[in-house]
There are 2 protein chains.
Amino acid sequence: MAVPIAILQLGKGTVGTPLIGQIAAQSGVIRERLGIELRYVAIAGRIEVVYRPAGIELSEWPRQLEARKTTSVVDLIDQIARDVAHPKILVDATDAEGMVALHARAMASGFHVVTCNKKPLAGPLADFQRLRAQSRAARRHYLHEVTVGAGLPVIGTLRDLVDSGDQIISIEGCFSGTLNFLCAGLDRERPFSEILTEARDRGYTEPDPREDLSGQDVARKALILAREAGLAVEPQAVALSPFCEVGRDGDVGSFLAAAEEMDGGFARRWREAAGRKARLRYVATVDQGCGAGLREVPADGPMGCLRGAENVFSFSTARYADSPLVVSGPGAGPEVTAAGAFGDILRVARAVACEERGE
Amino acid sequence: MAVPIAILQLGKGTVGTPLIGQIAAQSGVIRERLGIELRYVAIAGRIEVVYRPAGIELSEWPRQLEARKTTSVVDLIDQIARDVAHPKILVDATDAEGMVALHARAMASGFHVVTCNKKPLAGPLADFQRLRAQSRAARRHYLHEVTVGAGLPVIGTLRDLVDSGDQIISIEGCFSGTLNFLCAGLDRERPFSEILTEARDRGYTEPDPREDLSGQDVARKALILAREAGLAVEPQAVALSPFCEVGRDGDVGSFLAAAEEMDGGFARRWREAAGRKARLRYVATVDQGCGAGLREVPADGPMGCLRGAENVFSFSTARYADSPLVVSGPGAGPEVTAAGAFGDILRVARAVACEERGE
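About the cut-offs
Residues numbered from 1 in each chain as written. Chains lettered and ligands numbered in written order. Predicted model: local features only at pLDDT ≥ 70, side-chain atom pairs only at ≥ 80, totals over all residues. Heavy atoms only, no water. Helix = DSSP H or I, 4+ residues; strand = E, 2+ residues; numbered from the N terminus. Contact = heavy atoms within 4.5 Å. Polar contact = N/O pair within 3.5 Å; in protein donor to acceptor, adjacent residues only side chain to side chain. Salt bridge = Lys/Arg side-chain N within 4 Å of Asp/Glu carboxyl O. Buried < 20%, exposed > 50% of the residue type's maximum accessible area, 1.4 Å probe, protein only. Buried area = accessible area lost by both parts, 1.4 Å probe.

Asks: I would appreciate a short explanation of the environment of Arg-319 of chain B in the present structure.
Replies: Within the secondary structure, Arg-319 of chain B sits in the loop between β12 (310–317) and β13 (325–330). Separated by 103 residues in the primary sequence, Arg-319 of chain B and Gln-216 of chain B place their C-alpha atoms 31 Å from one another. Residues in contact with Arg-319 of chain B, not counting those within four places in the same chain, are Gln-22, Glu-335, Val-336 and Ala-339 of chain A together with Ser-164, Gly-165 and Asp-166 of chain B. Polar side-chain contacts of Arg-319 of chain B include one of 2.8 Å to the backbone oxygen of Ser-164 of chain B.

Asks: What am I meant to see in the pattern of salt bridges here?
Replies: Pairs may arise between side chains of opposite charge once their charged atoms sit close together. This structure, assessed with the given rule, holds 49 salt bridges over all chains. In this structure, Asp-208 of chain B engages Arg-210 of chain B in a salt bridge whose closest nitrogen and oxygen atoms are separated by 3.0 Å. Accessibility assignment for this pair places Asp-208 of chain B and Arg-210 of chain B in one class, buried. Overlapping salt bridges bring together Arg-33, Asp-344, Arg-347 and Arg-350 of chain A together with Asp-160 and Asp-163 of chain B as one network.

Asks: Mind showing me how you'd approach the interface of chain A and chain B here?
Replies: Many descriptions give the size of an interface as the accessible area lost when the pieces come together. Contact with chain A, which involves 55 residues of that partner, is made by 55 residues of chain B. The junction of chain A with chain B conceals about 4,700 Å² of combined surface from both sides, 46% of it contributed by carbon and sulfur atoms. Viewed at the interface, chain B and chain A are joined by eleven salt bridges. For the salt bridge of Arg-33 of chain A with Asp-163 of chain B, the shortest nitrogen-to-oxygen distance reads 2.6 Å.

Asks: Help me understand the side chain of Lys-88 of chain A in this model?
Replies: Residue and element names in this part refer to chain A. One can find Lys-88 in strand β5 (residues 88–92). Within polar-contact distance, the side chain of Lys-88 engages the backbone oxygen of Val-84 at 3.0 Å. Here His-86 takes part through its backbone oxygen, which lies 3.2 Å from a polar atom of the side chain of Lys-88. Once residues within four sequence positions are removed from consideration, Lys-88 is found in contact with Ala-6, Ile-80, Ala-81, Ser-109, Gly-110, Phe-111 and His-112.

In structure tokens:
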């Protein structure tokens, strides 16, 4: 008999929908291999919800959605906690603000939490510490591999280093696929405005690319890594230099039209770096503090070699002192992000599969 | 109250001793952070053993060793299974042959197994399948991160990819730090015999470097990855071309003395590759089958960029199709290997820490 794990998923958009698809496709294998049945009991969007305490038929879920009026997410958590006795996971596949209290309440109600949403972890330090403390007190997993580097094994690797007593000297790398796409294009002497437009057309940037260029997303990832490494850092303490100075006035169209004015400046900076056999990358660093900015790096190092919309994370530690442990690859995209969340769900499933059952 | 996890460790050598040291140093943090007490109950070498069902005082363990005459490891497993009710882990930090039955028996007796010893996984396919089946049937973790790439996150990454339903297209890389040290030295136009001697002096090679040059160790790692990826491969099916042809006649000294005769041949091959803007690397590949051999790779790719005694693993999958997920760094050494085994122990500890306790 397979042991059921109930899943309540918030968010059915870019990441949530492929995650449901991946779990539906793989549920038979998980049952056979781990003796675990991953059973969606609720899927909630902003205005619609489906709740079936005995399990949702995944081939039909979009047709079963109903207007959410009556059911707040808190009510849903309480209801599932009452209705479902076996292990439970809350998956946060939204990018909503203000989810800290909800995550904490879910753990208090017996849910493990897998979050793709990085906002609860990148806000005030007190929120991060509250989630950590609640996870320990309630003995629930609080997993968020996807919040840095999508499906790449970054958070899990860092957690193993820290928990096994290694000393983190620094974590350094390129944490934004979007910004690295721009850097790699500038390496090939293409005009900045042209690469920026291509990146937007490919869906690599936010609808307003100024959000990417501000470096805020990189700062959030650096902050999460710093906190995982044990540093007590507030968001305003991240030393952030934006990729380039962009005003907030005017709409996206007029910003893109004016981007050509920056082409000359970027071309010159890249030429100067090339003259020193270096490359420019948008580098984030976590050591005593944390920060991010455009920096010259050796052309033949792990950052200089990075091409396209990829990420790289280099961990220098007491044990990896002479040469770092390096993870690189695509750090964004719906399928790999969903797969990263699936990996966290599997960590819970493997734990449940091996529970000591009163032997 | 911290939940105890009992550890029985086989092997107190190159990896076993630093592992005990790391766990001793970190046990307070693990207790505080996970609510788990990692408690060594037995440490067994080939001829000596210490067994304390209530827990060994780790600052004193070498002084407590006694001759092992009476206690076979099987007896020890049975005795611990009788004496210790809480969760238990068998750590195999030996490189002994013939451990398959012992690992299986330990799982049947309630132990999770963490093995640094790759031999049980790289023998006949039936042995590998037996260990897998026993792990499922007994619902015990069977973890072996360290068997490929030491502390680098290789096996765990592959397992997440496979379990989440990704399709492995290929795994490719340099799996031997020793052989890569030779390749990187040849890149810098140093004579083969000189680099080989340096590698041996630094302790990078086996006492008889012909064992490294045969490629057998790389073949074993490729085999383990292939099996983790779901391929049913027997050891003799690995297509292995040695780093160079070495006879087995004569002692190590006369082999090293004669290695100079190979300097010219290696220098020529490397010059020819450089002329094609390529580098030579000892590349292992897992796709439909698995194999290893010296191959030309692009100088600016992840393998061509690899320097010194490092490893690199590139995973190309359905989801990582355009560019691979890549893990690289030092893939050998006592401290990082011990840390990798510690990571596996932590996976068990985190699972136990979050067990559903009759809520």
